[in-house]
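Letter by letter, the chains look like this.
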Amino acid sequence: MKMTREQRYRRIEQAEPGEIAKLEAQISECPWRQSYHIQPITGLLNDPNGFAYYQGYYHLFYQWFPLGTEHGMKYWYHTRSKNLVNWENVGIGIEPGDTYDSHGAYSGSAIEKEGKLHLLYTGNTRDEAWVRHPYQCLAIMDERGSVTKLNYPVISSVPPGYTEHFRDPKVWQQGETYYCVIGAQRTDETGCTVMYRSTDLRKWEFLGEIRTQLTSFGYMWECPDYMEMDEKGVLIFSPQGIEAAGDHYQNIFQSGYLIGEPLNLQTREFNHGEFQELDRGFDFYAPQTMQDTDGRRILVGWMGLPDLEYPTDDSGWAHCLTIPRQLSLREGKLIQQPVAEMEQLRKQEEGTHIHATIDNEVRSFAGMDGIAYELKCEISHVDAEMVGIEFRANGAERTVIQYDCVQQKVVLDRTLSGAELAEQNGTIRSCTLTAEVIKFHLFVDASSVEIFVNDGEEVFTSRIFPSRESVDIRFFAHGGKADFEATQWDY
Ligand code: FRU
């Protein structure tokens, strides 16, 4: 049953007696709880926030509505990890409900200054006529992990020319100066990114828009993130309102990036190439990056999308975050690879290994199956029309990743993956890839899969909702043969 607006905008302490216990009981019965992904204890998770390294831990917060699976009163929930793969639930990070975040502590980012972690976020408020008034707010976390909100916003109004869709500050430091980008909508209802500058994180000076060549590209850009790698500038953002075109922009909302010359901080001129999607799967949105102490640029995304219903809604929880991915640049493209630390989740050092020629058949191998695992597969000497892997399979139920050698396309098919979701948006995702050797690197969990193709050239991230019995892994080649070499590690 849908919640009313009043129910959605309740804080935790306004829960009915027994309401949270009921959610917890439903969740404990849910077959789709993940084993190694960050997921909410109850309710709904969305964007990753405040991703930072501070005091010996990676800190990763996320948007959280504790009391249900709709988008309501958002908190920041706090998790932390020493190694990026074993995460500990810390508890509430930022609690909403004050004057400047009365209707939610929306997305934002973190930066360390003078030994404290500064959390810059959007305070969402609604007036009596339900009109939105966003404020950019600051909360400060000390060494003991206690978070104090400033009682005034650090950016208290939307500059002329922009609507109330003005949120998600992402901060970085260049020399002595702090900059932040904010996702915005112009009054003509096109999306863009604006910039501010500060010397103390408290007083912010409005600079203006990042001047991209995408002057009319969707109606709102959410969650912008700017970084420099290999002397290039990279702007990541999540535009809303882009029409599907062939294999592109098939999801309800997109996330992608522009690569260009480093952003000119004086003129805010950004000369860049075309917009490219970060992920080719069904469920990926609002990613955020951080740079860790050894200079790696690491990205985590929300493994979900707004405005869709998911099969776990009835069990009192929704969504999870992706595994962390390390970014690099290659030939004008962002390459994404699972962080090396993922190997720490392997239950066996060697794993189960196979090497076989598969000839016009579908084959399984003893000892290769499971619900939560990593699977690396290299397909070479391909003389077939179609090669691939069926996984989380049992009888007709299966999820399929395949390479169509004729059309030179990678295809993810979740038509028969289990419980249905968002079928109105299609059950197949594909992208063009030209290669002789095909490498699929899968991270499978109870209700998700992340597939890194050819060393991170493409990634397909998707939720799937198979039954617990669907554990089979099958390799196939149709219309000819190919060599398969694969290793699986249980997680
Ligand atoms: C993106 C988003 C952000 C906003 C947050 C609210 O998914 O809409 O723009 O800050 O979620 O939860």
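Residues numbered from 1 in each chain as written. Predicted model: local features only at pLDDT ≥ 70, side-chain atom pairs only at ≥ 80, totals over all residues. Heavy atoms only, no water.

(A) Expanded view of the site of the ligand. All residues adjacent to the ligand are N46, D47, Q63, K74, Y106, S107, R167, D168, E222, Y285 and W302. The side chain of Q63 places a nitrogen or oxygen atom 2.7 Å from an oxygen atom of the ligand. In this structure, K74 approaches the ligand through a side-chain N or O atom, which is 2.9 Å from an oxygen atom. Within the complex, 92% of the 320 Å² of free accessible area of the ligand lies under protein. Contributing elements (two or more residues each) for the shell around the ligand: β1 (43-54), β5 (105-113) and β9 (162-174). The residue makeup of the shell around the ligand, split by class, is three nonpolar, three polar and five charged. (Near = heavy atom within 4 Å. Polar contact = N/O pair within 3.5 Å; in protein donor to acceptor, adjacent residues only side chain to side chain. Areas by Shrake-Rupley, 256 points an atom, 1.4 Å probe, with all protein chains shown as cover. Helix = DSSP H or I, 4+ residues; strand = E, 2+ residues; numbered from the N terminus. Nonpolar A, V, L, I, M, F, W, Y, C, P; charged D, E, K, R; others polar.)

(B) Highlighting the packing of aromatic side chains. With the rule as written, the count across this model stands at 27 aromatic pairs. Note on Y62 and Y77: the rings are 5.3 Å apart at their centroids and 25 degrees apart in plane angle, and the pair reads as stacked. Pair noted here: Y62 is in strand β2 (residues 57-65) and Y77 is in strand β3 (residues 75-81), with a separation of 15 residues, a long-range link. For Y62, a relative accessible area of 0% puts it in the buried group. Aromatic rings pair up to connect F217, W221, F237, Y249 and F275 into one cluster. Just above the ring of W130 sits the side chain of R5; from NZ or CZ to the centre is 3.9 Å. (Phe/Tyr/Trp six-rings, centres within 6.5 Å; stacked < 30°, edge-to-face > 60°. Buried < 20%, exposed > 50% of the residue type's maximum accessible area, 1.4 Å probe, protein only. Lys NZ or Arg CZ within 6 Å of the ring centre and 35° of its normal.)

(C) The arrangement of the nonpolar core in detail. Formed by 49 residues in total, the largest nonpolar core has its most connected members in Y36, F51, Y62, L321, M342, F443 and Y491. Mapped by element, the contributors of at least two residues to this core are β1, β2, β3, β17 (285-291), β18 (297-302) and β19 (317-318). Ranked by residue count, the leading element in this core is β2, at five residues. Each of domain 1 (5-341) and domain 2 (346-490) accounts for three or more of the residues forming this core. In this structure, I358, F365, L375 and Y403 belong to the second largest nonpolar core, which totals 36 residues. (Core = buried A, V, L, I, M, F, W, Y, C linked by side-chain atoms within 4.5 Å. Domains from an automatic or database assignment.)

(D) Broad picture of the sheet that holds strand β10 (residues 177-186). Pairing is antiparallel across the open sheet formed by four strands, whose spatial order is β9-β10-β11-β12. With one partner strand each, in any of the chains shown, β9 and β12 (205-209) form the two edges of the open sheet. The average undirected angle you get between the axes of adjacent strands in this sheet is 25 degrees. Judged from the eight bridges that link them, β9 and β10 form a sheet pairing that is antiparallel. Paired with V171 across the two strands is C180, which belongs to β10. (Pairing = 2+ DSSP bridges. Axes fitted to C-alpha atoms, helices over the stretch in contact; angles between N-to-C directions.)

(E) The arrangement of the sheet that holds strand β15 (residues 256-260) in detail. In space, the four strands of this open sheet follow the order β13-β14-β15-β16, with antiparallel pairing throughout. Two strands in the sheet have a free side with no partner beyond their single neighbour: β13 (220-229) and β16 (276-277). Sheet topology places β13 next to strand β14 (residues 232-240); eight bridges connect them, and they run antiparallel. Residue pairing in the sheet places W221 in a bridge with P239 of β14.

(F) Inspection of helix α2 (residues 19-28) at higher detail. Taken together, the buried positions of α2 are E19, L23 and I27. Seen end-on, α2 carries its buried residues on one side only, within an arc spanning 75 degrees. What points out from α2, more than 90 degrees from its buried face, is the exposed set K22 and S28. Considering only its buried residues, α2 is in contact with β19. (Arc of directions from axis to C-beta. Contact = heavy atoms within 4.5 Å.)

(G) Representation of the pattern of salt bridges within the structure. Per the counting criterion, the structure on display carries 32 salt bridges. Residue R280 is joined to E277 by a salt bridge in which the shortest nitrogen-to-oxygen separation is 3.9 Å. When salt bridges that share partners are traced, they join E277, R280, K333 and E458 into one network. (Salt bridge = Lys/Arg side-chain N within 4 Å of Asp/Glu carboxyl O.)

(H) Looking closely at the domain arrangement of the chain. Its domain assignment divides the chain into domain 1 (5-341) and domain 2 (346-490). A C-alpha centroid distance of 30 Å is found between domain 1 and domain 2. Broken down residue by residue, the surface that domain 1 buries against domain 2 is led by W32, R280 and F282, which jointly contribute 24%. Run the count over domain 1 and domain 2 and you get five salt bridges. Note that D247 and K409 form a salt bridge whose closest N and O atoms lie 2.9 Å from each other. Applying the counting criterion to the domain 1 and domain 2 interface returns 27 residue pairs in polar contact (both at pLDDT 80 or more). Only β20 (325-330) and β21 (333-338) provide two or more residues apiece to the side of domain 1 that touches domain 2. In terms of residue count, the dominant contributor to the side of domain 1 that touches domain 2 is β21 (six residues). (Buried area = accessible area lost by both parts, 1.4 Å probe.)

(I) Structural detail: the environment of R197. Within the secondary structure, R197 is located in strand β11 (residues 191-198). Dropping the residues within four chain positions of it, R197 is found in contact with T177, Y178, Y179, K203, W204, E205 and L207.

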